[in-house]
Amino acid sequence: MKKRILLLAGGQSGEHEVSLMSARSVLAALPVDQFDVTPVVISKEGRWLPPTQTLHALETGEAATGGDLVLHRAASAEGYDAVFPILHGPMGEDGTVQGLLTLAGIPFVGSGVLGSAVSMDKVMTKQVLASAGIPQVRWALAIRRGWQQTPDAVREQAAALGYPLFVKPANLGSSVGISKVSGPGELDQALELAFSLDRRVILEAMTSHRPRELEVGVLGNDAPVASPVGELSFDAEFYDYETKYTEGRATMHIPALVPAEVAARARDLALQAFRALDCAGLARVDFFYVEATGELLLNEVNTMPGFTTTSMYPKLLEAAGLSYSDLVTRLVELALEQR
Ligand code: ATP
Ligand code: MG
Ligand code: MG
Ligand code: MG
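Residues numbered from 1 in each chain as written. Chains lettered and ligands numbered in written order. Predicted model: local features only at pLDDT ≥ 70, side-chain atom pairs only at ≥ 80, totals over all residues. Heavy atoms only, no water.

As recorded in an unreviewed UniProt entry, the chain goes by D-alanine--D-alanine ligase and comes from Deinococcus koreensis. Quoted verbatim from the Sequence similarities (unreviewed entry) field of the UniProt record, the comment on the chain reads "Belongs to the D-alanine--D-alanine ligase family." One UniProt comment on the chain, placed under Catalytic activity (unreviewed entry), says "2 D-alanine + ATP = D-alanyl-D-alanine + ADP + phosphate + H(+)". (UniProt positions renumbered as here; feature names shortened; annotations may be inferred.)

### Let's talk about the nonpolar core
Core analysis: the biggest nonpolar cluster contains 35 residues, and Val-26, Phe-84, Ile-86, Val-109, Phe-307, Val-328 and Leu-331 have the highest contact counts within it. Counting only elements with at least two residues in this core, the list comes to β1 (3-10), α1 (16-29), β2 (35-42), α2 (51-60), β3 (82-85), β9 (225-234), α11 (312-319) and α12 (324-336). In terms of residue count, the dominant contributor to this core is α12 (7 residues). Of all hydrophobic cores here, the second largest spans 27 residues; its members include Val-229, Ala-273, Val-285 and Leu-296. (Core = buried A, V, L, I, M, F, W, Y, C linked by side-chain atoms within 4.5 Å. Buried < 20%, exposed > 50% of the residue type's maximum accessible area, 1.4 Å probe, protein only. Helix = DSSP H or I, 4+ residues; strand = E, 2+ residues; numbered from the N terminus.)

### Regarding the coordination of the magnesium ion (ligand 2)
For the magnesium ion (ligand 2), every protein donor is listed as Glu-300 (OE), Glu-300 (OE) and Asn-302 (OD1), and the spread of their distances is 2.0 to 2.4 Å. Residue classification places Glu-300 among the buried residues on the basis of a relative accessible area of 13%. (Donors = N, O, S within 2.8 Å, 3.2 Å for Na, K, Ca; no water.)

### Re the packing of α1 against α12
The interhelical angle for the contact between α1 and α12, taken along N-to-C directions, is 90 degrees, at an axis separation of 9 Å. Taken as axis vectors, α1 and α12 run roughly perpendicular relative to one another. Here Ser-22, Ser-25, Val-26 and Ala-29 of α1 lie close against α12, whose contacting residues are Tyr-324, Ser-325 and Val-328. Of the residues in the contact of α1 with α12, the class split is 4 nonpolar, 3 polar and no charged. (Axes fitted to C-alpha atoms, helices over the stretch in contact; angles between N-to-C directions. Parallel < 35°, antiparallel > 145°, perpendicular 65-115°, else oblique. Contact = heavy atoms within 4.5 Å. Nonpolar A, V, L, I, M, F, W, Y, C, P; charged D, E, K, R; others polar.)

### Considering unusual backbone geometry
Residue Pro-164 follows Tyr-163 across a cis peptide bond; omega there is -5 degrees. On the secondary structure map, Pro-164 appears in the loop between α7 (151-161) and β5 (165-169). With an omega of -5 degrees, the peptide bond between Ile-254 and Pro-255 qualifies as cis. Unlike most non-glycine residues, Met-91 shows phi in positive territory, near 60 degrees. Its relative accessible area of 41% is what places Met-91 among the partly exposed residues. A positive phi angle, near 60 degrees, is found at Asp-278, a position not held by glycine. Residue placement: Asp-278 occurs in the loop between α10 (260-276) and β11 (281-290).

### With respect to the environment of Ala-280
For Ala-280, the location among the structural elements is in the loop between α10 and β11. Residue classification places Ala-280 among the buried residues on the basis of a relative accessible area of 9%. For the pair Ala-280 and Pro-314, spaced 34 residues apart in sequence, the C-alpha to C-alpha distance is 16 Å.

### Thoughts on the environment of Asp-268
With respect to the helices and strands, Asp-268 occurs in helix α10. Taking relative accessible area as the criterion, Asp-268 reaches 43% and is therefore assigned partly exposed. In this structure the C-alpha to C-alpha distance between Asp-268 and Val-225, which are 43 residues apart in sequence, comes to 9.6 Å.

### Description of the domain arrangement of the chain
What the domain assignment reports for the chain is domain 1 (3-108), domain 2 (118-135 + 209-336) and domain 3 (139-205). Between domain 2 and domain 3, the C-alpha centre-to-centre distance is 24 Å. On the domain 3 side, the residues contacting the 15 residues of domain 2 number 17 residues. A per-residue breakdown of the area domain 2 buries against domain 3 is headed by Lys-122, Val-123 and Phe-238, which together make up 38% of the total. Summed over the shared surface of domain 2 and domain 3, the number is 3 salt bridges. We note a salt bridge from Lys-180 to Glu-237, for which the minimum N-O separation is 2.8 Å. Breaking the side of domain 2 that touches domain 3 down by element, the ones donating at least two residues are α6 (122-131) and α9 (241-245). (Domains from an automatic or database assignment. Buried area = accessible area lost by both parts, 1.4 Å probe. Salt bridge = Lys/Arg side-chain N within 4 Å of Asp/Glu carboxyl O.)

### Quick word on the pattern of salt bridges
Counting across every chain of the model gives 17 salt bridges. In this structure, Glu-333 and Arg-330 form a salt bridge, with 3.1 Å as the shortest nitrogen-oxygen distance. Of the two residues, Glu-333 and Arg-330 both sit in helix α12, 3 residues apart, roughly one turn of that helix. Given a relative accessible area of 41%, Glu-333 falls into the partly exposed group.

### Topic: the pairing of strand β8 (residues 212-220)
Taken across its 9 residues, β8 has 9 buried, putting it largely inside the fold. Here β8 shows no split at all, with Arg-212, Leu-214, Val-216, Val-218 and Gly-220 on one side and Glu-213, Glu-215, Gly-217 and Leu-219 on the other all buried. As judged from the 6 bridges shared by β8 and β9, these two strands associate in the antiparallel manner. The partner of Val-218 across the bridge, within β9, is Ala-226. Joining the antiparallel neighbours β8 and β9 is a turn of 4 residues. (Pairing = 2+ DSSP bridges.)

Below, the structure is given as structure tokens:
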């Protein structure tokens, strides 16, 4: 019998549009002889849109207002064998939707509550990975809204890290809200932007030299495997939103042209991080490689990485021998495994 799959897309985060792009590709690739797929777009207001509005949103990229409250819909998700939450960022990739589906007793693709929540939050990720001995950039504890740190104290933290530094909302993706700050004069504006998107903000030292950016795909539950290593090159200050999503701005290199020892280290660290963070199903683990010093620093773990047919994660798994359509099928199988 065909498996009934609920495909969730859109969502309330700053990555709503990116999610719609990913979802279109997944929807087109789930083999129709095996799966009966129902897409539901979640509007930016957090409402689950009915079929016609969902199709409109997938076609145009614009989600209408209206729809049902999430809790009304969760119960009706019961008729499905599995959910594919192709949602990026908060209220989707961060354990919230995963908690809802766990309560409803429906298997789903990807990490559970713990792995999703810890991997989404850059501060928590860094703390867990530090305790696992995984090399990372220096960083300062999130300054939390409401902690009432004086602006001077924040400036001191920043000065201790040294400029340029990165200011990021702790829980986001697609570089939304991230600033590269070249001196104290730009700090306030960067903090204001990050705090407008999150109550937790992280300051990160920049790598000693401009890094090369390597990414590894991980697939599996209890016996995860690492893909070949990919690299992104681009002509911009850093890999920002525009560079990520404007056609032709970034180039993907698979496999990355790095020494075999570096690639092996990246794959090993990716698997270590996947386990340390209690991830499941899939993750894309991103690294900074400083060629001059040989340093390989783990930047972050994305538990629901960009998933269009040209996105890095599916391309990495393709290099490992799995076509896009085999990959989405495998992910549903992994969701249905006991874990
Ligand atoms: P994603 O879309 O992969 O989820 P994100 O929004 O979580 O991304 P990061 O990966 O943390 O953001 O940072 C975005 C980009 O900013 C990196 O790919 C890199 O180009 C640059 N960057 C971030 N932090 C640093 C750092 N500490 N040193 C050097 N470059 C950095
Ligand atoms: Mg990220
Ligand atoms: Mg991300
Ligand atoms: Mg990233």
